[in-house]
There are 2 protein chains.
Amino acid sequence: MTINSQDRLPSVDQKVNNIPLTANSMRVACSQCNLRELCLAVGLDDNDLHKLDDLVVKRKLKRGQQLYRAGDAFEAIYAIRTGFFKTDILTEEGLEQVTGFQMAGEILGMDGISNDRHVCNATALEDSEVCIMPYDELEELSRSIKSLQQQFHKFMSREIVRDQSLMILLGSMRAEERIAAFLLNLSQRMRLRGYSASEFHLRMTREEIGSYLGLKLETVSRAFSKFHDEGLIGVQQKYIRILNADGLKALLNHAPN
Amino acid sequence: MTINSQDRLPSVDQKVNNIPLTANSMRVACSQCNLRELCLAVGLDDNDLHKLDDLVVKRKLKRGQQLYRAGDAFEAIYAIRTGFFKTDILTEEGLEQVTGFQMAGEILGMDGISNDRHVCNATALEDSEVCIMPYDELEELSRSIKSLQQQFHKFMSREIVRDQSLMILLGSMRAEERIAAFLLNLSQRMRLRGYSASEFHLRMTREEIGSYLGLKLETVSRAFSKFHDEGLIGVQQKYIRILNADGLKALLNHAPN
DNA sequence: CGAGTTCTTGAGCCTTTTCAACCCGGGTGG
DNA sequence: CCACCCGGGTTGAAAAGGCTCAAGAACTCG
């Protein structure tokens, strides 16, 4: 069960062959990517897609490998082709705090633009593959391709909005609400990518979930157990089944008290 | 005590007179603005500054007025010339959560880019003045002026980074740490603008502070009182003096336990 | 000057954390 | 091949931090 495959997408594939896909294994064609409707390439025509192709290079990462670290010089942003990442920040006291989990089609690294240095670490939580988009070139290209510019701005703005909903979660929800929201959000993003929305493997530990949600791992574990007992979800370690999505949603709408 | 005045800035003022500043009171010249070193105009040369001038229009707001509301069509972003704003979101349950406080030189409205609708409300907390920058035109102009494009991207990225540090605050600090961090952050931003970093008026209520920091207003009040008793700050309602900034900082670095 | 906010402070309660013990599963090495 | 080890997960009991509720004080604004 993979991403919405090409049948849904405009048939640009015939014209693609002027790009030698095989010659350099690191080369990748946005025009052929089945994620292009999720990614920066949305709305580009064939011609512009090829220009984007020219600056994108691919990189594979093993589970546990870091794509970039806090403090690294900022050189590129990254689109996830396959796999799963977390971003985190080491606080002054040395605790890590997870700031996000990212999956296919999402963009990593935009935090680095502000100071020419990355402010967080990005780590692959499973074997993954990213498209490297050198920032200088992307900036230049987006000056000449209006829809690329617009798309890029939308991605940055979406990141801002995403961060704000996390702020709301952290600022106003109680533990079980946070966890319900987290599961529903994951489920929704899986669906968007054509995977099952009702069962999936968590790629992160309870501790990482807790860090992301501002909770301790024990609290996460307890909430999972409680939801399990109530028949809302099935839990076997990292394997999760959503048994009653409406029940989870009800936890959210209900005022904390 | 106003913003760092023009002595620090390049003397572009002589050439500015081709723009009739007086003719239309709503017209405003970035080239003459003493905030231009903080704002989108950073790094533009005279020529480009004038192009930016052409698209910027000014608007005044009284205390309590809203600049835009959640759901409004997104048409422009706004640079604050003078005054003080909050942004907030109404959650489904009808509670408002404050997502930020903004002051002179900061940009409002970038959340709207992602969906062509604003996702939060922006409200003036004192009489204020903003520069309206119609987004379509700004986008177009930033395709032709590289340093404007770069500056704009940096502002968006800075917003992402800012949101992430708030996430860390909300996710890993205890009440007193949050409040110490909040005061130090305000103080720092006042200093950047040439105001006193050690005494200022809070423009927001305890409830708004609490909402922003994920705390109840009583908790905010208690922390203020405690800091006061410890000689860290002076508090008289909204008038705050920072008496021992290092003492406040020490609260942060100290691991929660 | 009075009404309505906003702020402060106290007491008790509730949620989440802390600390600790234990379990489970998968690898490793004897 | 089994014993052991170790990281990750679960569960319980006690402690703590922040919240709720409530009353009263201080300030603001018409």
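Definitions and limits used
Residues numbered from 1 in each chain as written. Chains lettered and ligands numbered in written order. Predicted model: local features only at pLDDT ≥ 70, side-chain atom pairs only at ≥ 80, totals over all residues. Heavy atoms only, no water. Helix = DSSP H or I, 4+ residues; strand = E, 2+ residues; numbered from the N terminus. Contact = heavy atoms within 4.5 Å. Buried area = accessible area lost by both parts, 1.4 Å probe. Salt bridge = Lys/Arg side-chain N within 4 Å of Asp/Glu carboxyl O. Polar contact = N/O pair within 3.5 Å; in protein donor to acceptor, adjacent residues only side chain to side chain. Nonpolar A, V, L, I, M, F, W, Y, C, P; charged D, E, K, R; others polar. Buried < 20%, exposed > 50% of the residue type's maximum accessible area, 1.4 Å probe, protein only. Least-squares fit on C-alpha atoms with pLDDT ≥ 70 in both.

A. The arrangement of the side chain of B:Ser114 in detail. Tracing the chain through its elements places B:Ser114 in the loop between strand S6 (107-108) and strand S7 (121-124). With near-sequence residues (within four places) excluded, B:Ser114 lies in contact with A:Lys154, A:Ser157, A:Arg158 and A:Val161.

B. Spatial organisation of the interface of chain B and chain A. Across the boundary between the two partners, chain B contributes 42 residues, which contact 42 residues of chain A. Summed over both sides, the interface of chain B with chain A buries roughly 4100 Å², with 60% coming from carbon and sulfur. Summed over the shared surface of chain B and chain A, the result is 2 salt bridges. Across the salt bridge formed by B:Lys154 and A:Asp116, the nearest N and O atoms sit 3.4 Å from each other. Connecting chain B to chain A are 23 residue pairs in polar contact (both at pLDDT 80 or more). Listing elements by their share of the side of chain B that touches chain A, those giving two or more residues are strand S5 (96-103), helix H2 (135-144), helix H3 (146-172) and helix H7 (245-253) of chain B. In terms of residues, the side of chain B that touches chain A owes the most to one element, H3(B), which gives 20 residues. Class assignment of the residues belonging to the side of chain B that touches chain A gives a composition of 16 nonpolar, 16 polar and 10 charged.

C. Up close: the side chain of A:Ser211. Residues and elements named next belong to chain A. Considering the arrangement of structural elements, one finds Ser211 in helix H5 (residues 206-213). You can call Ser211 buried: its relative accessible area is 13%. Here Ser211 is in contact with Glu96, Gln97 and Val98, once residues within four sequence places are set aside.

D. Summary view of the relation of the copies chain B and chain A. After a rotation of 180 degrees and a shift along the axis of 0.0 Å, chain B superposes on chain A with an RMSD of 0.0 Å. Here the two chains are linked by the operation of a two-fold rotation axis. Rotation axis and chain B: the residue whose C-alpha lies nearest the axis is B:Arg143, separated from it by 2.2 Å. Residue by residue, 100% of the interface of chain B is reproduced at the interface of chain A, so both copies engage with the same surface.

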